[in-house]
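Structure assessment
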Amino acid sequence: MIQRLGSVTLTFYTLVVLIWLMGAGVFFSTAHGEIFLHMNEVHICDWIMATWEKAPLPVVWFLSLCLGAAILFMNALCCSMGRQWSLAKKSGLFKNWLFFFLHCLFIVVLACHGLILALGEKQSRVHLFPGQDHSFGPYEIQLTDVVFTDDLTILKTPKKRQRALMTRKNIHIHENHALLTLVKNDHTLARQKIRMLSPLRYKSVQVTLVEFVIQGADDRLGVVLNLTDNFLNRFFFLAYAIMILSLAVFTAITWKRPSCTMGKQR
Amino acid sequence: MIPDLPLVIYWLVTGMAVLELLAAGAHLPNLYGVFLTLRICTCLAGVVFIAVCVGRPPLFGPFEAAIYIVFVMGVLARVFQKNWGYQTAFVLFNSLGVLIILLLQQGKPMALNEDYFMYGNLWVNLFFNLRLLAAAFLAHGASQYLGHMVEKEQRDLLSTGGRNTLLAGACVYLTSEWAGSLWCLNWFGDSWQWSRGFFKASILFLLIMVVCHLPSFINRNKRIQGISGMLPGLFILWMIFYH
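Residues numbered from 1 in each chain as written. Chains lettered and ligands numbered in written order. Predicted model: local features only at pLDDT ≥ 70, side-chain atom pairs only at ≥ 80, totals over all residues. Heavy atoms only, no water.

**Examining the packing of aromatic side chains**
Taken as a whole and judged by the stated rule, the model has 39 aromatic pairs over all chains. With a centroid separation of 5.8 Å and 50° between ring planes, the pair formed by phenylalanine 127 of chain B and tryptophan 183 of chain B is classed as tilted. With phenylalanine 127 of chain B in helix α5 (residues 122–150) and tryptophan 183 of chain B in helix α6 (residues 155–188), the pair connects residues that are 56 residues apart, well separated along the chain. According to the relative accessible area criterion, tryptophan 183 of chain B is buried, its value standing at 13%. Among the aromatic residues, ring-to-ring pairing joins Phe27, Phe28, Phe36, Trp47, Trp61 and Phe62 of chain A together with Trp192, Trp194, Phe198 and Phe199 of chain B into one connected group. Geometry around tyrosine 116 of chain B places arginine 163 of chain A over its ring, the cationic atom sitting 4.3 Å from the centre. In this arrangement the basic side chain of lysine 108 of chain B is found over the ring face of tyrosine 242 of chain B, its NZ or CZ atom lying 4.3 Å from the centre. (Phe/Tyr/Trp six-rings, centres within 6.5 Å; stacked < 30°, edge-to-face > 60°. Helix = DSSP H or I, 4+ residues; strand = E, 2+ residues; numbered from the N terminus. Buried < 20%, exposed > 50% of the residue type's maximum accessible area, 1.4 Å probe, protein only. Lys NZ or Arg CZ within 6 Å of the ring centre and 35° of its normal.)

Have a look at this one:
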């Protein structure tokens, strides 16, 4: 049974099905743009509940994708623990151990992809202005100050035209910032200036500055924040990096030279 | 003057690629080598032009992507030939591939991309630039697999070369995706997001995995092996130029 579950034939067919499902995803994300946008903004369980009634097809597609990924996960697990483990143990060769290790890391990365989706907390596009605060689980985020040193008319420009104006010359990413305080039970955990592409991180909590906004007749300057709490992120990036490194080492040590191939041909 | 320079570079590189293909078709290895070197030098001038004008490496767009991919493909072809000798089928398909890449860009705006404030970020640069580098590796591998399908004498040699290039391309591609994930995390707070770009990027990774996991009953068929080996290269080129 384990041998069948870990067979290369099953890997091949699962990969082919996943390719078709991903291709269907390209189609669905074009046809149901709003639904997919919403998918990134809320927890996946909430998305399933909200979408099932109005558009069941994307939900069926999503569940099929999860099933395909689960089969691939099981297949990789059975193959690694069955065939590759015994091959590495029997031969004792470094390249076989590395091959086994590489597959284990793939399993970890695949699992992290799924778990990041299902675990943790998220609040998207939270609008905050100086002096305001916002609750996020047991935490409270207080916005003290917002500094935008560049031309404010860029922020008033419609989105489609805004991109052309947002050059490195016009937007000084290191100077524009928001001063935030992360509080838990009246105790200050972190106080930091956050910039675009430079979020506040405290343990598993991340406060990300998505964009600057202006509102009202008095041009009140504020920020749009994404709030996430996911303990797996750091582990995911570490496992992913080690997997790439292992693949690079495996490629280098199994790099076939012309002399070997020519020898085989003779 | 400067807005026309990309167009001049593009046509010079295309001209070299035509001459290179003619030399390869006429079985003139020395002449082919000369045109290949000239093409690499012209592309290098293009890459330096991009870096000097906009203060960053090539990232995307018809001009930047085509010149950079063709440059790296030229370097890879030169290295492959030096180590593995002159492979007629590979040389022909590689030159033809380069010419097709360039001609498909004909008529598109040959200019540097508009600037964006995020182009100063390391992860953004790594994500886009390494994706182009991976495309060059996978396209180079595609010509090796294509050569492997039609060549009879050097079949195993080209298949081995294709396997090496595919794995190296996978490493570069995954590094690009890793940098892209970090960019996404810093921009949106998520390591990845549901989008068309994500699905296409996943399809490419799955295609690479398919080539590495062909069951023995399929792997015995050299034609299917060759076609599957070509798919990642073709798909990434489509992804870059028609995304």
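Continuing now.
**Side note on the packing of helix α4 (residues 44–54) of chain A against helix α5 (residues 56–91) of chain A**
Residue and element names in this part refer to chain A. Running from N to C, α4 and α5 cross one another at 140°; their axes reach a closest spacing of 7 Å. As far as their axial angle goes, α5 and α4 are oblique. From α4, Ile44, Trp47, Ile48, Thr51, Trp52 and Lys54 reach across to α5, where they touch Pro56, Pro58, Val59, Val60, Phe62 and Leu63. Among the residues forming the contact of α4 with α5, the class breakdown is 10 nonpolar, one polar and one charged. (Axes fitted to C-alpha atoms, helices over the stretch in contact; angles between N-to-C directions. Parallel < 35°, antiparallel > 145°, perpendicular 65-115°, else oblique. Contact = heavy atoms within 4.5 Å. Nonpolar A, V, L, I, M, F, W, Y, C, P; charged D, E, K, R; others polar.)

**Concerning the pattern of salt bridges**
For the coordinates displayed, the defined rule picks out eight salt bridges over all chains. Here lysine 122 of chain A ties to aspartate 190 of chain B by a salt bridge, and the two come within 2.4 Å at their closest N and O atoms. Taken together, the residues lysine 122 of chain A in strand β1 (residues 121–128) and aspartate 190 of chain B in the loop between α6 and α7 (196–212) connect one chain to another. Assessed through its relative accessible area of 13%, aspartate 190 of chain B is described here as buried. Note that glutamate 211 of chain A is salt-bridged to arginine 125 of chain A, the shortest N-O span being 2.4 Å. In this pair, glutamate 211 of chain A is assigned in strand β7 (residues 205–215) and arginine 125 of chain A in strand β1, connecting sequence segments 86 residues apart. Salt bridges linked by common partners bring Arg125, Lys159 and Glu211 of chain A together as one network. (Salt bridge = Lys/Arg side-chain N within 4 Å of Asp/Glu carboxyl O.)

**Overview of the sheet that holds strand β2 (residues 133–136) of chain A**
Residue and element names in this part refer to chain A. Taken in spatial order, the four strands line up as β2-β3-β4-β5 in an open sheet, and their pairing is antiparallel. Of all strands in the sheet, those with a lone pairing partner are β2 and β5 (187–194), marking the two edges. The mean angle between the axes of side-by-side strands here comes to 20°, regardless of whether they run parallel or antiparallel. Bridge count for strand β4 (residues 177–184) against β5 is seven bridges, and the pairing is antiparallel. The partner of lysine 184 across the bridge, within β5, is histidine 187. (Pairing = 2+ DSSP bridges.)

**Some details on the interface of chain A and chain B**
Between chain A and chain B, the residue contacts involve 65 residues of the former and 57 residues of the latter. A combined buried area of about 5500 Å² lies between chain A and chain B, and 69% of that area is made up of carbon and sulfur atoms. At the surface where chain A touches chain B, the tally comes to two salt bridges. Seen at the junction of chain A and chain B, the total is 13 residue pairs in polar contact (both at pLDDT 80 or more). With 14 residues, the single largest contributor to the side of chain A that touches chain B is helix α2 (residues 8–31) of chain A. Here the side of chain A that touches chain B is composed, by residue class, of 38 nonpolar, 20 polar and seven charged. (Buried area = accessible area lost by both parts, 1.4 Å probe. Polar contact = N/O pair within 3.5 Å; in protein donor to acceptor, adjacent residues only side chain to side chain.)

From the geometry alone we can't say anything about function, so treat these as descriptive.
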